[in-house]
Amino acid sequence: MSFLNDSKKKDRMSQNHQHLSKQTIDTENIKEFAKHLNDLTSFELVDLITAKPIEEGFLIFNSLSDPIAQQTFEYLPLKIQQEFLNLLPSQQVAKLLNALAPDDRTTLLETLPNTVVNQLLKYLSPEERALSIKLLGYPENSVGRLMTPDYISIKLDWTAKQVLDYIREKGKDSETINVIYAVDDNGVLIDDFKIRQFLLAPLDTKASELSDKKFISLSVNDDEEKAINVFRKYNRVALPVTDAKGLLLGIVTFDDIMAVSVQEDTEDMQKIGGVEALNAPYMKIPFFELMHKRVGWLVVLFLGEMLTASAMAFYEQEIAKAVVLALFIPLIISSGGNAGSQASTLIIRAMALGEVGLKDWWRIMRREVYAGLFLGFILGLIGFFRITFWSWFSNIYGDHWLLVAYTIMLALVGVVLWGTFIGSMLPLALKRCGFDPAVSSAPFVATIVDVVGLIIYFTIAMVVLGGTLL
């Protein structure tokens, strides 16, 4: 019977959600809808608020009860959180900020100007303010900014009964109770345990009997990228964070790492496409700010492509003598650019996943040289047979069509080889210099390949066609 009641309640909540989504909400009808809002889950409320204009979203949020508002605020996008903090009275701001988990609050505060942060810190309780100041003091994009001090720590001489009793007492304030950490009298991390070890062990079993003193931890100054790779490698729910002396400072949980990973992957994809990282969803970002993010790289790439015109001008006489060579410039240059884009995308992603590093540069280069030769030979053969086949019933390539075919084949091998080489090595070179490898985007690699590819093409043409067409 209770199952049927729960099912009916869920259906009613779903209908309320759909009804509210379709309605325009204003100060006149908000009271009518308010009684239905508190029946929705936090995630449904987030969907509803984000789908509405900011004014309507604020009316919805402001009509929620304090506990539901605090739960919902935690899951709202940062941009909307910032907007609501500007609109809410100081008393409500204080409640929301103090209710936020320390790591989520740090993520919000670090996106705001220093003057605003200093003002918001005044709303926090003394304990929460001290904690936020501490977390904000760690380097930007470091594990220290992500960690939370809410965890369960025990001593190795405790019994399973003592551990479980302590979890019942303190667990509600912990970020997660799936993993328990053992520390010594000085707070140094000794070991970690899964809670099921204590649940399944006899109550008089001491933690030291279950300990193998093998654990994985992060340094408080590690960057977010390293943390993401460690989570992926070891498939953990949470990882402890220590300082240089091994003191346990906090933990980083999987949900925080997932949020950072999605953000990092999004930024990398945008950079690979030749766009500065966007700080807001595509449809939310102002038009001229979007143009500012896009125009910079386009100008740089345009100036780079101007070198292509200079290279072609240098070979103007060769083109005049053998106009047929100009027919294949787009074919050859685009093939090299495509091969370079493939290589750069593969290496950037492999670096992001921790599959390769700077130490693997020789293996990567050797692999991509072989790949460039193989792919170039495949494309070269296709080009060769295309010219040969066309020459059976057309004289478009002239009497020296066979030499033209060899020129195109060898040029494709050379340009594709160059493309795979530069596409694979450029991300590693940028990483070595301390830059983001994603900056070596596909358009950037293609521009470099275009300029050098022309030189390779006409150099091969001058060698193969010298004494005939040239």
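Residues numbered from 1 in each chain as written. Predicted model: local features only at pLDDT ≥ 70, side-chain atom pairs only at ≥ 80, totals over all residues. Heavy atoms only, no water.

## Overview of the overall build of the protein
Note the following rule: Helical segments are the DSSP runs of H or I of at least four residues, strand segments are the runs of E of at least two, and each set is numbered from the N terminus. Remark: exposure states derive from per-residue accessible area (1.4 Å probe, protein chains only) relative to the maximum for the residue type, with buried under 20%, exposed over 50%, and partly exposed in between. Residues are treated as being in contact if the distance between any of their heavy atoms lies within 4.5 Å.
What the protein contains, in helices and strands, is 22 helices and six strands. For the protein, the spread of C-alpha atoms along the principal axes amounts to about 90 × 65 × 55 Å. Expressed as a percentage of the 470 residues in the protein, the buried residues total 44%. Residue pairs at least 24 apart in sequence account for 66% of intrachain contacts in the protein once pairs closer than 6 positions are excluded.

## Section: the side chain of Ser42
Rules: As used in this structure description, the phrase polar contact means that two N or O atoms lie within 3.5 Å; if the pair is within protein, one of them must be able to donate a hydrogen and the other to accept it, and residues adjacent in sequence are counted only when both atoms belong to side chains.
Within the secondary structure, Ser42 is located in helix 3 (residues 42-51). The class for Ser42 is buried, based on a relative accessible area of 11%. At 3.5 Å, the side chain of Ser42 and the side chain of Gln71 are in polar contact.

## Notes on the packing of aromatic side chains
Formally: Paired rings are identified among Phe, Tyr and Trp, the last through its six-membered ring, by centres lying within 6.5 Å, and are further divided according to the angle between planes into stacked (under 30 degrees), edge-to-face (over 60) and tilted (the rest).
Per the counting criterion, the structure on display carries 16 aromatic pairs. Consider the rings of Phe384 and Tyr406, whose centres lie 5.1 Å apart with planes at 50 degrees: the pair is tilted. In this pair, Phe384 sits in helix 20 (residues 361-391) while Tyr406 sits in helix 21 (residues 401-432), placing the two residues 22 residues apart along the sequence. According to the relative accessible area criterion, Phe384 is buried, its value standing at 13%.

## Regarding the nonpolar core
Note the following rule: By nonpolar core we mean a set of buried residues, namely Ala, Val, Leu, Ile, Met, Phe, Trp, Tyr and Cys, connected to one another through side-chain atoms within 4.5 Å.
Among the nonpolar cores identified, the biggest contains 31 residues, and Leu325, Phe328, Ile332, Ile387, Ile408, Tyr457 and Phe458 are the most heavily contacted of them. Broken down by secondary-structure element, the contributors of at least two residues to this core are helix 19 (329-352), helix 20, helix 21 and helix 22 (442-464). Sort the elements by how many residues they give to this core and helix 21 lands first, with 10 residues. When near neighbours in sequence (up to four residues on either side) are disregarded, Tyr457 contacts Leu325, Phe328, Ile329, Ile332, Thr407, Ile408 and Ala411. Counting residues in each nonpolar core, the second largest holds 29 residues, with Ile49, Leu85, Val93 and Val117 among its members.

## Section: the sheet that holds strand 2 (residues 179-183)
We apply this condition: At least two DSSP bridges between two strands are needed for those strands to be called paired.
Pairing is mixed in the open sheet, where three strands are placed in the order 1-2-3. Whereas interior strands pair on both sides, the edge strands pair on one side only; in this sheet they are strand 1 (153-154) and strand 3 (189-194). As paired elements, strand 1 and strand 2 share two bridges and run parallel to each other. Of the residues in strand 2, the one forming a bridge with Ile154 is Ala182.

## Considerations on the environment of Gly57
Here Gly57 lies in helix 4 (residues 54-62). Exposure remark for Gly57: the relative accessible area of 1% places this residue in the buried category. Along the primary structure Gly57 and Phe84 are separated by 27 residues, whereas in three dimensions their C-alpha atoms are 9.2 Å apart. Those residues in contact with Gly57 that sit more than four places away from it in its chain are Ile49, Lys52 and Phe84.

## Some details on helix 10 (residues 126-136)
The line we're drawing: Along the arc lie the directions from the helix axis toward the C-beta atoms.
Of the positions making up helix 10, those classed as buried are Leu131, Ser132 and Leu135. Buried residues of helix 10, seen end-on, are gathered within an arc of 100 degrees and therefore sit on one face of the element. Buried residues belonging to helix 10 abut helix 8 (102-109), helix 9 (114-121) and helix 11 (143-146).

## Some details on the pattern of salt bridges
Put simply, the rule is: The salt bridge definition used is simple: a Lys or Arg side-chain nitrogen within 4 Å of an Asp or Glu carboxyl oxygen.
Going through the model one piece at a time under the given rule, you end up with 12 salt bridges. For the salt bridge of Asp66 with Lys95, the shortest nitrogen-to-oxygen distance reads 3.0 Å. Remark: Lys95 occurs in helix 7 (residues 90-99) and Asp66 occurs in helix 5 (residues 66-75); sequence separation between them is 29 residues. Given the relative accessible area of 35%, Lys95 is considered partly exposed. One network of salt bridges, in which partners are shared, links Lys161, Asp165 and Arg168.

## Describing the sheet that holds strand 4 (residues 218-219)
What the three strands build is an open sheet, ordered 4-5-6; its pairing is mixed. With partners counted over all chains shown, the strands left at the sheet margins are strand 4 and strand 6 (248-253), one partner each. Relative to strand 6, strand 5 (residues 238-242) runs antiparallel, the two being bridged by five bridges. Bridging across to strand 6, Thr242 finds its partner in Leu248.

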